[in-house]
Amino acid sequence: MKFVFLTALKTEAKALIKEYDLKKSKNNSFFNNNHFSLFITGMGKEQTLKNISHFLSFYKDLDETIAINIGIAGGNPKTTSLEDCYLINKIKNETNNDVFYPDVLIEHNWEERSLITTKKAIEVPSTSYPNIVDMEASHIYASLIKHLPSHRLVFLKIISDHMDIQDWKKIDVDHLITKNIPAIKKWLNKEEWKFLKQRRILSNDETKLIIKYFNRIRLTISQQHQLIEILENYKKRNNALPVLSKHFKYVPKLKADRDKIFQGLKNEFSS
Amino acid sequence: MNFLPDFSHIYVESQSIDSDIAKQSFKRFPKAKIIEIEDYKKIFNKNGQDFQIQKLSTKLILAKKQPPFIYPATDIIQDSGFSNFYYCTPILNCIYNCEYCFLQGMYSSANIVVFTNTVEVKDAVKKQILERKYPDEPLLLSLSYNTDILALENILPLTKQWIDFANNTDDLFMEIRTKSGLTSSFNKLKPSKKILFAWTLSPNNIIQKYEHKTPLLERRIMSIQKIVDSGWPVRLSFDPILIYPNWKEDYKQMFERIKETISGDKIFDITIGVFRMSDDFYNRIKKTKPDSDLFYNNYDNSNNVKTVTKDQKAMVRDFALSQLDGYCNGDKINFWD
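Points about the pairing of strand β11 (residues 195-200) of chain B
Residue and element names in this part refer to chain B. Along β11, six of the six residues are buried, which leaves the element largely enclosed by surrounding structure. Burial along β11 is two-sided: Ile195, Phe197 and Trp199 and Leu196, Ala198 and Thr200, pointing in opposite directions, are all buried. Looking at chain direction, strand β10 (residues 172-178) and β11 are connected through five bridges and run parallel. Looking at β11, one finds that Arg177 is bridged to Ala198. As paired elements, β11 and strand β13 (residues 234-241) share four bridges and run parallel to each other. Bridging across to β13, Phe197 finds its partner in Val234.

Structure representation (structure tokens):
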């Protein structure tokens, strides 16, 4: 399983980069090291949407990735404690009233809270913000849910203030993140994450090889889909794919020849 | 494994939060996180769900049902000769996870929705009884088309409430389909001829391989024995009978065990069926690349229903009939066709 941390600020990223020994990649704001990586989304709606779109353009392992938005956030003094980390179970976008519910499946030791994503930082606590406020979570969820399922979107928020901050520079962001890293690390080490991968019948290597064969005999897209389904069925029934190479040696020159090969493959592997 | 227990979270619509069912649920799961929601569809129908992954830790959703409250039954479920056959959906989804179940194709979520406005639903049933097409016959209401309501009885005792309702409502006959072993709630109830318990039975090999979280055969048989001996009508449902290497051996053992433990004379009737699923549901499930081998077989496509071949259907029918020969009156055996 792979994990990508999404932070809004560089200062939020610093402790995670150090802990996981992440290296800067050629892609802007992206750091990685084997199974862990980190991407800095920027603050607020516009930056988040633009940067997440950039992230999706180069990140290739979405099928086996858990995205974790970690960051500091404001907390209602009645329901949150400073420096504590909370797992978010409901995200509301204050601007358009969209509401999202990330699946919470794996045991954890944090308390859970709901969160409201606001346009501006909230500097006065009120009943309108009963738990936690931030400026990115709903935009991250809305952008990523088109590419990742709900059970692979995680939101962890560390309370930096009680919506009463006067001087943002006085917040020791690095300390807040560093303090919570041991618990985060322990949680991500759980075996259960591997069950959340995208289910696949054909491995990546098998798919690549099959597509190479399909291209060689120039199957239509519809023919490719049909054969992939037939080969998936075959693999499930027999626990392995058939030997395919012999069927793709001859390169047909006419459509009719190609269709004949296709029909032959269909008949052979369907039964 | 350290997945959160089922019902670790209860999502409750604001308009249901003070309902009896919500109060019962909060009491039954005191450690559950209660999350208030506006509209259950925003969580139940949300994008990016995986039915089988959500089965690892199923959540409870409490909501107010909007009309329609009652539906005419489809061709896929057997009517067993009842002309006025309807179903209602007090609950969406099931605590069990049978690999051949259509629910995984019907809903994108595996979370369980319990509707809290039961009075409104019951009023709609009464209205439908008055408006039924064949007034000389009672209305048969299936309570468990989209769920196994009895399996939830030790969490929310809804079945008992529905039985009370049926007993106090003229011209209503109710069918409760189940695989559960929960019958203790009915020990104190007077048996009612208006309630038909339909127990689905399968060999243990099938239960262990395909009917996840359900009780083993012996537990189901014990429950049926108690219920039958008390005088409740019981339908035995062998549906679906699955075909695989040595299937006959497994089913033969099951039929023998049933014959030696449950008196055929006391059985209301028997239904038999094979694997079948609407094309839409089947294809939707197939797209999710399920682990179940049931979705990688070759099936016939008959009237937009994926099912086994005619020959296989005939083979199952002949086999089941031969096994049940002499067990009960042949007229009591119905085969889904």
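The structure having been displayed, the exposition proceeds.
Some points on the nonpolar core
Counting 108 residues, the largest nonpolar core has B:Leu141, B:Trp162, B:Phe197, B:Leu236, B:Phe238, B:Ile270 and B:Ile272 as its most contacted members. Leaving out residues up to four positions away in the same chain, B:Ile270 has contacts with B:Leu236, B:Phe238, B:Leu324, B:Tyr327, B:Cys328, B:Lys332, B:Ile333 and B:Asn334. Counting residues in each nonpolar core, the second largest holds 40 residues, with A:Ile70, A:Val173, A:Leu176 and B:Leu4 among its members.

Some words on the sheet that holds strand β3 (residues 60-63) of chain B
Residue and element names in this part refer to chain B. Pairing is mixed across the open sheet formed by five strands, whose spatial order is β2-β1-β3-β8-β6. One side of each edge strand has no neighbouring strand; the edge strands of this open sheet are β2 (33-37) and β6 (91-92). Against the sheet, helix α1 (residues 20-28) touches β1 (9-13), β2, β3 and β8 (112-115), its axis set at about 160° to β3.

Side note on the packing of aromatic side chains
All names here are of chain A. If you walk through the whole model with that rule in mind, you get 41 aromatic pairs over all chains. Plain terms: the ring middles of Phe30 and Phe58 are 4.9 Å apart, the flat faces sit at 70° to each other, and that makes the pair edge-to-face. In this pair, Phe30 is assigned in strand β3 (residues 30-33) and Phe58 in helix α2 (residues 44-58), connecting sequence segments 28 residues apart. Members of the aromatic cluster, connected to one another through ring pairs, are Phe3, Phe5, Tyr20, Phe36, Trp110, Trp187 and Trp193.

Points about the packing of helix α5 (residues 204-216) of chain A against helix α6 (residues 221-238) of chain A
Residues and elements named next belong to chain A. Interhelical geometry of α5 versus α6 gives an angle of 140° and a closest axis separation of 11 Å. Of the possible angle classes, the one that applies to α5 and α6 is oblique. Here the hand of the crossing between α5 and α6 comes out right-handed. Of the residues in α6, those in contact with Glu206, Ile210, Ile211, Phe214 and Asn215 of α5 are Gln224, Leu227, Ile228, Leu231 and Lys235. Along the lines of polarity and charge, the residues of the contact of α5 with α6 split into six nonpolar, two polar and two charged.

What to know about the pattern of salt bridges
Residues and elements named next belong to chain A. Considering all chains together, one arrives at 28 salt bridges over all chains under this definition. Asp61 is paired through a salt bridge with Lys2; the nearest N and O atoms lie 2.9 Å apart. One end of the pair, Asp61, is in the loop between α2 and β5 (65-75); the other, Lys2, is in strand β1 (residues 2-7), with 59 residues separating them in the sequence. For Lys2, a relative accessible area of 18% translates into the label buried.

Quick word on the environment of A:Glu107
One can find A:Glu107 in the loop between β7 (99-100) and β8 (111-117). Separated by 44 residues in sequence, A:Glu107 and A:His151 place their C-alpha atoms 13 Å apart. Other than its neighbours up to four places away in sequence, A:Glu107 contacts A:Trp187, A:Lys190, B:Asn2, B:Phe3 and B:Leu4.

Things to note about the interface of chain A and chain B
Taken residue by residue, the interface counts 29 residues in chain A and 33 residues in chain B. Overall, the association of chain A and chain B removes approximately 2,900 Å² of surface from exposure, summing both partners, and the carbon and sulfur fraction of that is 53%. When residues of chain A are sorted by the area they lose upon contact with chain B, A:Tyr101, A:Leu105 and A:Arg199 head the list and together hold 28% of the total. For the pair chain A and chain B, the number of links is four salt bridges. For the salt bridge of B:Lys46 with A:Asp103, the shortest nitrogen-to-oxygen distance reads 2.8 Å. Scanning the region where chain A abuts chain B turns up 20 residue pairs in polar contact (both at pLDDT 80 or more). Secondary-structure elements contributing two or more residues to the side of chain A that touches chain B are β6 (85-93) and α6 of chain A. Sort the elements by how many residues they give to the side of chain A that touches chain B and α6(A) lands first, with five residues. In the side of chain A that touches chain B, the residues fall into 11 nonpolar, six polar and 12 charged.

So, the domain arrangement of chain A
Looking at the assigned domains, one finds that chain A contains domain 1 (2-198) and domain 2 (204-270). Once you take the C-alpha centre of each, domain 1 of chain A and domain 2 of chain A turn out to be 43 Å apart.

About the cut-offs
Residues numbered from 1 in each chain as written. Chains lettered and ligands numbered in written order. Predicted model: local features only at pLDDT ≥ 70, side-chain atom pairs only at ≥ 80, totals over all residues. Heavy atoms only, no water. Buried < 20%, exposed > 50% of the residue type's maximum accessible area, 1.4 Å probe, protein only. Helix = DSSP H or I, 4+ residues; strand = E, 2+ residues; numbered from the N terminus. Pairing = 2+ DSSP bridges. Core = buried A, V, L, I, M, F, W, Y, C linked by side-chain atoms within 4.5 Å. Contact = heavy atoms within 4.5 Å. Axes fitted to C-alpha atoms, helices over the stretch in contact; angles between N-to-C directions. Phe/Tyr/Trp six-rings, centres within 6.5 Å; stacked < 30°, edge-to-face > 60°. Parallel < 35°, antiparallel > 145°, perpendicular 65-115°, else oblique. Left-handed = near helix turned anticlockwise from the far one by under 90°. Nonpolar A, V, L, I, M, F, W, Y, C, P; charged D, E, K, R; others polar. Salt bridge = Lys/Arg side-chain N within 4 Å of Asp/Glu carboxyl O. Buried area = accessible area lost by both parts, 1.4 Å probe. Polar contact = N/O pair within 3.5 Å; in protein donor to acceptor, adjacent residues only side chain to side chain. Domains from an automatic or database assignment.

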